[in-house]
Amino acid sequence: MGKIIGGGLPVGAYGGPSEIMDLVAPLGPMYQAGTLSGNPLAMAAGFATVNICAITKMRFIRAWRS
């Protein structure tokens, strides 16, 4: 999932139920660190990708409802 989000750049991504994800910092006590954490270029690419996906999803929903 990370390489898709980062467009091939080194990004790590994970997810899970809110009960588990709430245990990860900053909400919880578990800190997640690693080689793929926080590269500025990769984070910018990931942010752009997620925004494009969200915009595309909203456009699809609006078109479907009309």
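Residues numbered from 1 in each chain as written. Predicted model: local features only at pLDDT ≥ 70, side-chain atom pairs only at ≥ 80, totals over all residues. Heavy atoms only, no water.

### Quick notes on the overall build of the protein chain
Next, step 1: Secondary structure summary: the protein chain contains three helices and zero strands in total.
Next, step 2: Moving toward the C terminus, one meets the helices and strands of the protein chain in the order α-α-α.
Next, step 3: The C-alpha radius of gyration computed for the protein chain amounts to 15 Å, which surpasses the reference 11 Å derived for 66 residues by more than 25%, pointing to a less compact arrangement than a globule.
Next, step 4: Its C-alpha atoms give the protein chain principal-axis dimensions of roughly 45 × 30 × 15 Å.
Next, step 5: Evaluated residue by residue, the protein chain yields a buried proportion of 11% over its 66 residues. (Helix = DSSP H or I, 4+ residues; strand = E, 2+ residues; numbered from the N terminus. Rg over C-alpha atoms; globule rule 2.2 N^0.38 Å. Buried < 20%, exposed > 50% of the residue type's maximum accessible area, 1.4 Å probe, protein only.)

### A closer look at the layout of surface pockets
Next, step 1: Estimated volume of the largest pocket: approximately 350 Å³.
Next, step 2: Residue lining of the largest pocket: 20 residues in total, with V11, G12, A13, Y14 and M43 positioned closest to the centre.
Next, step 3: Taken together, the residues of the lining of the largest pocket break down into 13 nonpolar, seven polar and no charged. (1 Å grid on protein atoms, 1.4 Å probe; cavity = no way out; pocket = protein on both sides within 12 Å on 5 of 7 lines; lining within 4 Å. Points joined across faces, edges and corners; volume = space filled by probe spheres on them. Nonpolar A, V, L, I, M, F, W, Y, C, P; charged D, E, K, R; others polar.)

### Digging into the confidence of the model for the protein chain
Close inspection of predicted coordinates is inappropriate for parts of the model with low pLDDT.
Next, step 1: Confidence in the prediction of the protein chain, expressed as mean pLDDT, is 84, and 95% of residues score 70 or more.
Next, step 2: Mean pLDDT across the elements of the protein chain bottoms out in helix α1 (residues 2-5) (73) and peaks in helix α2 (residues 18-21) (92). (pLDDT = per-residue confidence, 0-100.)

### Description of unusual backbone geometry
Next, step 1: The linkage connecting A25 with the following residue, P26, adopts the cis geometry, with an omega of 15°.
Next, step 2: Tracing the chain through its elements places P26 in the loop between α2 and α3 (40-65).

### Points about the environment of D22
Next, step 1: Mapped onto the elements of the fold, D22 is located in the loop between α2 and α3.
Next, step 2: Non-local contacts of D22, meaning those with residues more than four positions away in its chain, are made with L27 and G28. (Contact = heavy atoms within 4.5 Å.)

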